[in-house]
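# Coordinate analysis (summary)
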Amino acid sequence: MWSRVLALLSVRLGGRRETSNLPVGPLLMLLGISALFGDVAREILPPLAYGTFVLSVSTALVAIPLLGEVGAMLRSDEAAEWIEAQPVTPLELRTARTLHALLVVAALAAAALLPAALLAPGFAAAERASLVLAGAALGAAAGALLLGVQTVLGGRAEALLIALQTVLIAAVLVGGLAGLRLLPELAPYDSYAATRGTALAAYPPCWFAAAALGEPLPLAGAAAATLAGVGLLLALPQPRPAPSASGRMQLLELALAPVHALAARLWVARDERGVFELVYRALPREREFKLRTYPLLGLPLAFTFGARAEEGAMRELLLALVSLLPAVYLPVLVTQVPGSAWHRARWLVDSAPVPVPAVQN
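All values reported here derive from a predicted model rather than from experimental measurement.

We now examine the overall build of the protein. Counting secondary structure elements, the protein contains 17 helices and 0 strands. Counting across all 361 residues of the protein, residues that qualify as buried make up 41%. Once local pairs closer than 6 in sequence are excluded, the contacts in the protein between residues at least 24 apart make up 79%. Total accessible area on the protein is roughly 18900 Å²; 69% of this is exposed by carbon and sulfur atoms.

Taken together, the side chains of Leu28, Leu31, Leu114 and Leu118 make up a nonpolar region of the molecular surface, amounting to roughly 390 Å² of accessible area. Every element with two or more residues in the nonpolar patch is listed here: helix H2 (24–41) and helix H6 (90–118). Considering the arrangement of structural elements, one finds Leu31 in helix H2.

Counting 62 residues, the largest nonpolar core has Tyr50, Phe53, Leu66 and Leu74 as the members making the most contacts within it. Of all the elements, helix H3 (residues 47–67) adds the most residues to this core, at 13 residues. With near-sequence residues (within four places) excluded, Tyr50 lies in contact with Gly38, Ala41, Arg42, Leu45, Ala116, Leu119, Ala120, Pro121 and Phe123. Membership of the second largest hydrophobic core comes to 6 residues, among which are Leu8, Val88, Leu93 and Ala96.

Let us look at the packing of aromatic side chains. A full pass over the atoms with the stated rule returns 4 aromatic pairs. Judged by centre distance (6.3 Å) and plane angle (65°), the rings of Tyr50 and Phe123 are edge-to-face. Here the residue Tyr50 occupies a position in helix H3, and Phe123 occupies one in the loop between H6 and helix H7 (125–153), the gap between them amounting to 73 residues. Here the two residues Tyr50 and Phe123 agree in accessibility, since each one is buried. Consider the rings of Phe276 and Tyr280, whose centres lie 6.2 Å apart with planes at 10°: the pair is stacked. Of this pair, Phe276 and Tyr280 both sit in helix H12 (residues 273–282), separated by 4 residues, roughly a single helical turn. Feature note: the residues Trp267, Phe276 and Tyr280 constitute an aromatic cluster, connected by ring pairs.

Our focus in this paragraph is the pattern of salt bridges. Taken as a whole, this structure holds 3 salt bridges when the rule is applied. The partner of Arg273 in a salt bridge is Glu277, with the nearest N and O atoms 3.0 Å apart. Linking Arg273 with Glu277, this pair stays in helix H12, spanning 4 residues, or about one helical turn. Of the residues examined, Arg273 reaches a relative accessible area of 38% and is grouped as partly exposed. Across the pair Arg281 and Glu277 runs a salt bridge, and its minimum N-O distance is 3.0 Å. Within this pair, Arg281 and its partner Glu277 are both found in helix H12, separated by 4 residues, close to a single helical turn. Look at Glu277 and you get buried, because its relative accessible area is 14%. Put simply, Arg273, Glu277 and Arg281 are held in one network by salt bridges that share partners.

Quick look at the environment of Ala209 now. Tracing the sequence through the fold places Ala209 in helix H9 (residues 204–212). Expressed as a C-alpha distance, the spacing of Ala209 and Leu48, which sit 161 residues apart in the sequence, is 6.1 Å. Excluding residues that lie within four positions of it along the chain, Ala209 makes contacts with Leu48, Gly51, Thr52 and Leu55.

With that out of the way, let us pick up the confidence of the model for the protein. When pLDDT is averaged along the protein, the result is 77, and 78% of the positions lie at 70 or above. Averaged pLDDT values over the elements of the protein bottom out at 65 in helix H14 (residues 298–308) and peak at 88 in H9.

Conventions we followed
- Residues numbered from 1 in each chain as written.
- Predicted model: local features only at pLDDT ≥ 70, side-chain atom pairs only at ≥ 80, totals over all residues.
- Heavy atoms only, no water.
- Helix = DSSP H or I, 4+ residues; strand = E, 2+ residues; numbered from the N terminus.
- Buried < 20%, exposed > 50% of the residue type's maximum accessible area, 1.4 Å probe, protein only.
- Contact = heavy atoms within 4.5 Å.
- Areas by Shrake-Rupley, 256 points an atom, 1.4 Å probe, with all protein chains shown as cover.
- Patch = residues over 30% accessible without salt bridge, like charges linked within 9 Å, V, L, I, M, F, W, Y side chains within 5 Å.
- Salt bridge = Lys/Arg side-chain N within 4 Å of Asp/Glu carboxyl O.
- Core = buried A, V, L, I, M, F, W, Y, C linked by side-chain atoms within 4.5 Å.
- Phe/Tyr/Trp six-rings, centres within 6.5 Å; stacked < 30°, edge-to-face > 60°.
- pLDDT = per-residue confidence, 0-100.

This is the structure:
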């Protein structure tokens, strides 16, 4: 059995070499943010409170790519029909899919915790390693829940997923702007016994942080949450590819219709019209493109909420940043165009009787 499971896992890991199966972008983002939060918190918090804080941040950070491009990579399998036709059992398929998801989530969790673990105050070497392992286990539990929701929803509730990811991005940034001021309130919790009678005692990241520090009491809760996550991943049905795009006119298209008509008449040249229409009409209808780009609107939301909590020069600075975000957002949006699922329609552009500069324009 296990030889077939490992062969299936190898196929899943190497099945997208042309687009790289390793989420390098999210990993680099997680490394940078983790180092920033860990460096600030290490001067304020004792070990248990520090572990609880960085595990909370890492779980939120891992959830962002799991709701976006990484989640799509784990859910979809373009070779699913071919693999299912092989002499393998449904259990072997589920096991390989679960191991693949656990490896990816563990890599994300390690990236989100490794700098914070290296900066952890008062941790022995074994406790630093245990903190990274605890983050991987917590990430597996949270990731299983997120992947389960996306698998059940399939191609439905697209707006809900976009809203959830937008809120997550805004929450992480607001935590960076305002939440760090609340760190002194966590300082008294230097052991799990000190959390008794508080909401922190029932908070899963606190269980995992205490387990990493060798406290036996919350170890059962952390182990149960991890096993529940792995069991959920095993129980999930094989996801079918969700439609990459909707044929219906989207709200964004309706809102931009006047601008589109004006641009098509005054700005777009005749030989540029075909490619312009393809990109304009395809992208707003593509599910994965929206999941990657629309949640970035959480950036201005985060800065706006942060500005409301500030006064004086800091408030003016944050509001000035909000005014600059459209100029920052446009290049990010443009970089997502080549990575859209509509790259399969590239042959339409390549075979069109128009010069290359027209396509680029």
